[in-house]
Amino acid sequence: MIESGVGDESERGTVVGAGSRWWRRAPVVLGGIVALALLLASESLGAGTIFNVTLHYPGIDKVAHLVQYALVSLSVWWLMGGVVAHRVWRVAAAAAVALLLGLGDEFFQRLVANRTFEVADLAANACGVMLGMGLGPGIPSRRVARALVAAALVGTVGVAGHSYLRLRHFNRGMLYTRQGDLPKALHEYRLAREDGLDSPGFYNELAWIELESGVGDARAAVGYASRALAATPHSADVLDTFGWALHQSGRSREALPPLERAFAAKPRMYCIHYHLGEVYAALGDTDRAAHHLREQIRLFPGGSDARRAAQALRQRRLAPATAQRATGT
């Protein structure tokens, strides 16, 4: 009876000791989880800065993914120390979790941050996981570890180089657009199309620059916008581009339904009232034309479309005094 009691006390002490060790480690584990969450969110939180850098240096974001997911994989490997004891299984589990986190991050950016889902980002993430596992202490064979590091670096060079070749002209076009040099932007966008760039966002931008550059082809813009619309049929921005392209190519009656859908989906779009006003005017509905042109001036005073709306009102003698007062002319 006495020996049994000592044994029970010893077992209880072991359990209590294990529990106390767990609670001592809990703040460290919690800190690691928080740090990991911040690491994964860093790309979304710094999206503006990342976008500006990659705009000038296309492909460099893939290097950032490499470093990011090397750290993610090592963090996950460390956090799984008390869960998976076997070294090889621990490495495999950490790599799988890190890759799943990267996949979830891509979906999060698509749904919340309004960015595109990129397979190239997942490839760069995989390279980062290989780099982290190769540099970490989990791989028992140094030869295997060195092979993982080499594969990660070679893979990243390939992914970054492919991104550069695919995006160089498109990014230059966006830089020219920022500078207001739309003819040069159009030239770069057309080169990007020749390089094989193919996405709804790109075709919407190309169609828009074709219309706004003053040297573009409105009929070509209809084709580009229709391709973007086929992939994103509910996008208000694409509907607006498609409708405006139809109007500019002389198909104002066909332009009205997509523009009305764009207005219903996004009534505060910066140019939608001007576009609707011009289309209604072309169709002979002067009351609605005047209403939308006035709304453009009222809602976005001082903007380029407000100035165009004021000019349209004066030319059509719909409400010149209102236009002049609203624009300060």
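Our structure is the block above this text.
Residues numbered from 1 in each chain as written. Predicted model: local features only at pLDDT ≥ 70, side-chain atom pairs only at ≥ 80, totals over all residues. Heavy atoms only, no water.

Side note on the overall build of the protein chain
Scanning the protein chain from terminus to terminus reveals 15 helices and 0 strands. Across the protein chain, every contact between residues at least 6 apart in sequence was considered, and the portion connecting residues at least 24 apart equals 57%. (Helix = DSSP H or I, 4+ residues; strand = E, 2+ residues; numbered from the N terminus. Contact = heavy atoms within 4.5 Å.)

Observations concerning the packing of aromatic side chains
Using the criterion set out here, one finds 6 aromatic pairs in the structure. Aromatic side chains F170 and F202 sit 5.5 Å apart centroid to centroid with 85 degrees between the ring planes, which places their arrangement in the edge-to-face category. Of this pair, F170 sits in helix α6 (residues 142-179) while F202 sits in helix α8 (residues 200-212); the two residues are 32 residues apart in sequence, bridging distant segments of the chain. Under the relative-accessibility criterion, F202 is labelled buried at 1%. Judged by centre distance (6.4 Å) and plane angle (70 degrees), the ring pair of Y189 and F202 falls under edge-to-face. Note that Y189 is positioned in helix α7 (residues 182-194) and F202 in helix α8, a separation of 13 residues in sequence. By the burial criterion, Y189 is buried, and F202 matches it. (Phe/Tyr/Trp six-rings, centres within 6.5 Å; stacked < 30°, edge-to-face > 60°. Buried < 20%, exposed > 50% of the residue type's maximum accessible area, 1.4 Å probe, protein only.)

Some remarks on a positive patch on the surface
A grouping of R87, R142, R143 and R146 is seen on the molecular surface, where their side chains present a positively charged patch. Top element by residues in the positive patch is α6. It accounts for 3 residues. Here R142 lies in helix α6. R142 sits in the partly exposed class, given a relative accessible area of 41%. (Patch = residues over 30% accessible without salt bridge, like charges linked within 9 Å, V, L, I, M, F, W, Y side chains within 5 Å. Areas by Shrake-Rupley, 256 points an atom, 1.4 Å probe, with all protein chains shown as cover. Salt bridge = Lys/Arg side-chain N within 4 Å of Asp/Glu carboxyl O. Lys, Arg positive; Asp, Glu negative; His and termini not counted. Charge placed at Lys NZ, Arg CZ, Asp CG, Glu CD.)

Looking at the packing of helix α12 (residues 272-282) against helix α14 (residues 304-316)
Close contact between α12 and α14 brings their axes to 10 Å; oriented N to C, the two are set at 25 degrees. Considering the angle they form, α12 stands roughly parallel to α14. The two elements α12 and α14 cross, and the hand of that crossing is left-handed. Every residue of α14 that contacts α12 at Y274, E278 and A281 is listed here: D305, R308, A309, A312 and R316. For the contact of α12 with α14, a count of residues per class yields 4 nonpolar, no polar and 4 charged. (Axes fitted to C-alpha atoms, helices over the stretch in contact; angles between N-to-C directions. Parallel < 35°, antiparallel > 145°, perpendicular 65-115°, else oblique. Left-handed = near helix turned anticlockwise from the far one by under 90°. Nonpolar A, V, L, I, M, F, W, Y, C, P; charged D, E, K, R; others polar.)

Some points on the side chain of N171
Positionally, N171 belongs in helix α6. On the basis of relative accessible area, N171 is assigned to the buried category, the value being 6%. Leave out the neighbours within four places in its chain, and N171 touches T54, L55 and P58.

Examining the packing of helix α9 (residues 218-231) against helix α10 (residues 236-248)
Look at α9 against α10: their axes get within 8 Å of each other, and the N-to-C directions meet at 155 degrees. Relative to α10, α9 is oriented roughly antiparallel. Note on packing geometry: the crossing formed by α9 with α10 is left-handed. Contacts between α9 and α10 involve A218, A221, V222, A225, S226, A228 and L229 from the first element and V238, L239, T241, F242, A245, L246 and Q248 from the second. Tallied by class, the residues present in the contact of α9 with α10 amount to 11 nonpolar, 3 polar and no charged.

Brief notes about the nonpolar core
Core analysis: the biggest nonpolar cluster contains 53 residues, and F170, Y189, F202 and L206 have the highest contact counts within it. Counting 14 residues, the second-largest nonpolar core is a separate cluster that includes Y69, M80, V91 and A98. (Core = buried A, V, L, I, M, F, W, Y, C linked by side-chain atoms within 4.5 Å.)

A closer look at the pattern of salt bridges
For the structure shown, the criterion picks out 15 salt bridges. Note that E118 and R166 form a salt bridge whose closest N and O atoms lie 3.9 Å from each other. Pair noted here: E118 is in the loop between α4 (87-111) and α5 (119-135) and R166 is in helix α6, with a separation of 48 residues, a long-range link. A relative accessible area of 29% places R166 in the partly exposed class. Taken together, the shared-partner salt bridges connect D61, K62, E118, D121 and R166 into one network.

In short, the description is geometric, and any link to function would need to be established separately.
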